[in-house]
Amino acid sequence: MQTRNPLRRPRWTSIALVSALALPGLFTLLALLGTPAAPVEAVQPPEQPINSPPAAPVAADDPVLLAAGDIAACGRPGSEQTAALLDRLPGTVLALGDNAYQAGTDAEFAQCYSPTWGRHRARTRPVPGNHEYDTPGAVGYFGYFGAAAAPPDKGYYSYDVGDWHIVALNSNCSQIGGCQIGSPQERWLRADLAAHPTRCTLAYWHHPRFNSGKHGNDAEMQPIWQTLYDAGADVVLSGHEHSYERFAPQDAAGAADPERGIRQFTVGTGGASHHALGRPIANSELQNADAFGVLKLMLHPAGYDWEFVPVAGATFTDSGHTACH
Ligand SMILES: [Zn+2]
């Protein structure tokens, strides 16, 4: 799962020092393993076991993304709980669609989304979900987010954060001329990726390509995944399924590919409700269906750390790190 090899990446030597200083228990662990405690430079950072407490930040000045979808439903407390996380976390906010229930109307954005996640609208880069299109043309969504949401006939756009290229895509394929190879969005994506040959690339859209939940896999986004894979992209984020799921890196057909594959996180945990998950499909590494929270991604020049940050009172978490291709 954690594909980074610290011995090949000198950058992590200093991180090992920070981790050792921040985690006195590491020395106890090393003693138990019979590893000499000195020199410190030889200490490898410990792998992050699943469900372990999050590690101390290793490079506090690297940029951060904070992501979740399926967010604000008036009368439910979840979106205020996740907005309280945003209140204390710096970073660019990715709203992964189904941002305002039930239909993304003007009134629902004003009365349900605006008082919670709307506190962070100025640093939010959204994508539309299917519920936004329950209002024809998703005009409530495009009206609320304005220029940040890209032209209403598209809803896809890209930008850079630190050394990373970030691509926001629209998985409501029937609304934008399809998602097949040669569709307007796919042609735009291919050109955009060619114009931004960064080492690290992340894309996000609402409907998960891979999904152990009741909605199942979204095959319509397979060509988009293929285009991202061909360009060497690293991470995809989605929502729609009201749960958290992390996958191992995969190709567009869903085959494990630790060398070139894209790692998907489903983060439908923004506060609306929860869906029970089914039996994990291939390459699903971790699932949770009862914690609201946001996924925090720290974007390093050659890799990323992830951490699921649960709302107050929830205990589920997840963290790890992977190098970019
Ligand atoms: Zn949805």
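Quick caveat: nothing in here was measured; it's all calculated off a predicted structure. (Residues numbered from 1 in each chain as written. Predicted model: local features only at pLDDT ≥ 70, side-chain atom pairs only at ≥ 80, totals over all residues.)

### A look at the overall build of the chain
So, point 1. Of the regular secondary structure elements, the chain holds seven helices and 12 strands.
So, point 2. Per-residue burial for the chain yields a buried fraction of 46% across its 325 residues.
So, point 3. Counting contacts in the chain only where the partners sit at least 6 residues apart, residues at least 24 apart contribute 73% of the total. (Helix = DSSP H or I, 4+ residues; strand = E, 2+ residues; numbered from the N terminus. Buried ≥ 20, exposed ≤ 12 C-beta atoms within 10 Å, placed from the backbone. Contact = placed C-beta atoms within 7 Å.)

### A few points about the sheet that holds strand S12 (residues 318–323)
So, point 1. Overall, mixed pairing links the five strands, which are arranged S2-S1-S10-S11-S12 in an open sheet. Because the sheet does not close on itself, it has two edges, and the strands there are strand S2 (92–95) and S12. Each strand axis lies, on average, 20 degrees off the axis of its neighbour in the sheet, ignoring direction.
So, point 2. Pairing of strand S1 (residues 64–68) with strand S10 (residues 293–300), which is carried by four bridges, proceeds in the antiparallel orientation. Bridging across to S10, Leu65 finds its partner in Leu297. (Pairing = 2+ DSSP bridges. Axes fitted to C-alpha atoms, helices over the stretch in contact; angles between N-to-C directions.)

### So, the environment of Arg187
So, point 1. Secondary-structure assignment places Arg187 in helix H6 (residues 184–195).
So, point 2. Given 13 C-beta atoms within 10 Å, Arg187 falls into the partly exposed group.
So, point 3. C-alpha of Arg187 to C-alpha of Thr227: the two residues are 40 residues apart in sequence and 9.3 Å apart in space.

### Description of the sheet that holds strand S5 (residues 200–204)
So, point 1. Taking strand neighbours across the sheet as the criterion, the seven strands line up as S3-S4-S5-S6-S8-S7-S9 in an open arrangement whose pairing is mixed. A single partner strand is all that each edge strand has here, and the edge strands are strand S3 (157–161) and strand S9 (284–288). Looking at each pair of strands side by side, their axes are set apart by 15 degrees on average, direction ignored.

### Notes on the pairing of strand S6 (residues 235–238)
So, point 1. Residue alternation in S6 divides its side chains into two sets, Val235 and Leu237 and Val236 and Ser238, and both sets are buried.
So, point 2. Relative to S6, S5 runs parallel, the two being bridged by three bridges. Counted as the bridge partner of Ala203 is Val236 from S6.
So, point 3. In this structure, S6 lies alongside strand S8 (residues 263–267), joined through four bridges in parallel fashion. From the neighbouring strand, Leu237 faces S8, where its bridge partner is Phe265.

### Some remarks on the packing of H6 against helix H7 (residues 222–230)
So, point 1. In the contact formed by H6 and H7, the axes pass within 10 Å of each other and the chain directions differ by 10 degrees. Comparing the axis directions of H6 and H7 gives the class roughly parallel. Of the residues in H7, those in contact with Glu186, Leu189 and Arg190 of H6 are Pro223, Ile224 and Thr227.
So, point 2. A breakdown of the residues in the contact of H6 with H7 according to their chemical character gives three nonpolar, one polar and two charged. (Parallel < 35°, antiparallel > 145°, perpendicular 65-115°, else oblique. Nonpolar A, V, L, I, M, F, W, Y, C, P; charged D, E, K, R; others polar.)

### Some thoughts on the confidence of the model for the chain
So, point 1. Across the chain, the average pLDDT comes to 87, with 82% of residues at 70 or higher.
So, point 2. Counted against residues more than four places away or in other chains, residues 1–57, with its pLDDT under 50, gives 59 contacts. (pLDDT = per-residue confidence, 0-100.)

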